Amino acid sequence: MSASDAKPVLLVLRALKLGDLLVAVPALRGLRRAFPQHELVLAAASWLEPIVPLIGGINRLLPTPGLDDPLPPLGPVDVAVNLHGKGVESRTRLEELQPAHRLGHEAKGWPGPVWDDTLHERERWVRLLRWHGIAADAEDYRLGEPEASAPAVGATIVHVGAAYGSRQWPVGRFAAVACQLASDGHDVVVTGGAADRPRAQDVTTAAGLPESACVAGEWALDEFAAAVRAARVVITADTSAAHLASAYRTPSVVLFGPAAPEQWGPPADGPHIVLTDAAVRRGDPFSDEPDPAILAVLPGHVLDAVARVDAADGAERLPGR
């Protein structure tokens, strides 16, 4: 293809984790509709690549592990969109590309709306686009069906992983929930990333589950998405598993610690229940210790919530899920 035949580039920066990408889906779709003739390039971590086709409309992923270094060479950029944040680091990485147009929040050289800490993350990025005259819908967050086969169908997923200690519900409490649900007839699987496997094994052992129930670190990302889509219910802290459950309208029970569910929680009209205690929230997401807001949640609270979402969703399950 000659240079004259190449499509103009629309570059979107969102070099964060899976949950962060999923809350940006409505904005990404708004951008796709607004720039149909552009090549939409997403600057994000390479390990997220299996999820990108599920969003739709993204032409390619530009592997971007973070903001410490300039973005990989890309060629001329027509429109650069900062869906990463409001800081100087993200703005600098985009400014280095010398785009013809910039879309972001208000800052030096960046016309846009003033950052509002009170907004839900899905609404934050939709609001940004609307300020720039681009239509977007915060409810447009559902993902497409994964091509990967679900490694478990109808399972109750107990996701024990969390990036920081502040969101790690105690092993003994996870185990108590998993043990009771297995006794009640649930097909329980314990999930997490590779780094979470020791913790997941401890939960599995303490719950009296077979070793095969621990699958932390075993499933590829698209397989995990497929398993969440096919699950009976997902029990998790505020992690990517919760956002995947929202994206597939899979019943979920989500335990919140330092983050506010008003900003990161599941849709209010879905088969989801949030458990937390805002009155005792410390709010330090990088702490090594569980936030008091998540420690206020007891196994009985989770078991009651599972029964409620399970019963409410029973008559409305998607075929083959």
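Here is a short report on the structure shown in this document. This one's a predicted model, so the numbers in the text were calculated from it and none came from an experiment.

### Quick notes on the packing of helix α8 (residues 221–229) against helix α9 (residues 240–247)
Line of reasoning, step 1. Their axes nearest at 9 Å, the elements α8 and α9 cross at an angle of 55 degrees. Between α8 and α9, the interaxial angle falls into the category oblique. As for how α8 packs across α9, the hand of that crossing is right-handed. Packed against α8, whose contacting residues are F224, A225 and V228, the element α9 presents A241, L244 and A245 at the interface.
Line of reasoning, step 2. Class assignment of the residues belonging to the contact of α8 with α9 gives a composition of 6 nonpolar, no polar and no charged.

### Examining the packing of aromatic side chains
Line of reasoning, step 1. The full count for this structure, using the stated rule, is 3 aromatic pairs.
Line of reasoning, step 2. Judged by centre distance (5.7 Å) and plane angle (75 degrees), the ring pair of W115 and W125 falls under edge-to-face. Taken together, the residues span a long stretch of sequence, with W115 in the loop between β5 (101–103) and α5 (121–131) and W125 in helix α5 at a distance of 10 residues.
Line of reasoning, step 3. Of the residues examined, W115 reaches a relative accessible area of 21% and is grouped as partly exposed.

### Here we look at helix α12 (residues 299–313)
Line of reasoning, step 1. Under the 1.5 Å per step criterion, the end-to-end length of α12 is 21 Å for 15 residues, consistent within 8% with the ideal 21 Å.
Line of reasoning, step 2. The secondary structure elements touched by the buried residues of α12 are α6 (171–183), β8 (233–237), β9 (252–255) and β10 (272–275).

### Topic: the sheet that holds strand β1 (residues 9–13)
Line of reasoning, step 1. The parallel open sheet is built from 5 strands, whose spatial order is β3-β2-β1-β4-β5. Among the strands making up the open sheet, the edge pair consists of β3 (60–63) and β5. Averaged over all pairs of adjacent strands, the angle between their axes in this sheet comes to 20 degrees, without regard to strand direction.
Line of reasoning, step 2. As paired strands, β1 and strand β2 (residues 39–44) are joined by 5 bridges and run parallel to one another. Across the sheet, the residue bridging to L13 is A43, located in β2.
Line of reasoning, step 3. In the packing of helix α4 (residues 88–95) onto the sheet, the strands contacted are β1, β4 (79–82) and β5, and the crossing angle to β4 comes to about 170 degrees.

### Observations concerning the packing of helix α2 (residues 25–34) against α5
Line of reasoning, step 1. Where α2 contacts α5, the two axes come as close as 7 Å, and the packing angle between them is 25 degrees. By the angle between their axes, α2 is roughly parallel relative to α5. Side by side, α2 and α5 meet where P26, A27, G30 and L31 of the first sit next to R122, W125, V126 and L129 of the second.
Line of reasoning, step 2. For the contact of α2 with α5, the residue count by class is 6 nonpolar, 1 polar and 1 charged.

### Considering the side chain of H105
Line of reasoning, step 1. Residue position: H105 is located in the loop between β5 and α5.
Line of reasoning, step 2. Accessibility expressed as a relative area gives 4% for H105, which makes it buried.
Line of reasoning, step 3. Excluding residues that lie within four positions of it along the chain, H105 makes contacts with W110, G112, P113, V114, W115, R124, W125, R127 and L128.

### As for the pairing of β1
Line of reasoning, step 1. In terms of burial, β1 is largely enclosed, as 5 of its 5 residues are buried.
Line of reasoning, step 2. On β1, burial covers both faces: V9, L11 and L13 on one face and L10 and V12 on the other are all buried.
Line of reasoning, step 3. As paired elements, β1 and β4 share 4 bridges and run parallel to each other. Counted as the bridge partner of L13 is N82 from β4.

### Some words on the sheet that holds β8
Consider a sheet: its strands pair through backbone hydrogen bonds, and that pairing is either parallel or antiparallel.
Line of reasoning, step 1. Taken in spatial order, the 5 strands of this open sheet run β7-β6-β8-β9-β10, and their pairing is parallel. Unpaired on one side and paired on the other, β7 (188–191) and β10 mark the two borders of the sheet. Each neighbouring strand pair of the sheet contributes to a mean axis angle of 15 degrees, computed without reference to strand direction.
Line of reasoning, step 2. Where strand β6 (residues 156–159) and β8 come together, 4 bridges link them in parallel fashion. In the strand pairing of β8, I157 is matched with V234.
Line of reasoning, step 3. Relative to the sheet, α12 contacts β8, β9 and β10, its axis offset from that of β10 by approximately 165 degrees.

What counts as what
Residues numbered from 1 in each chain as written. Predicted model: local features only at pLDDT ≥ 70, side-chain atom pairs only at ≥ 80, totals over all residues. Heavy atoms only, no water. Axes fitted to C-alpha atoms, helices over the stretch in contact; angles between N-to-C directions. Helix = DSSP H or I, 4+ residues; strand = E, 2+ residues; numbered from the N terminus. Parallel < 35°, antiparallel > 145°, perpendicular 65-115°, else oblique. Left-handed = near helix turned anticlockwise from the far one by under 90°. Contact = heavy atoms within 4.5 Å. Nonpolar A, V, L, I, M, F, W, Y, C, P; charged D, E, K, R; others polar. Phe/Tyr/Trp six-rings, centres within 6.5 Å; stacked < 30°, edge-to-face > 60°. Buried < 20%, exposed > 50% of the residue type's maximum accessible area, 1.4 Å probe, protein only. Expected span 1.5 Å × (residues − 1). Pairing = 2+ DSSP bridges.

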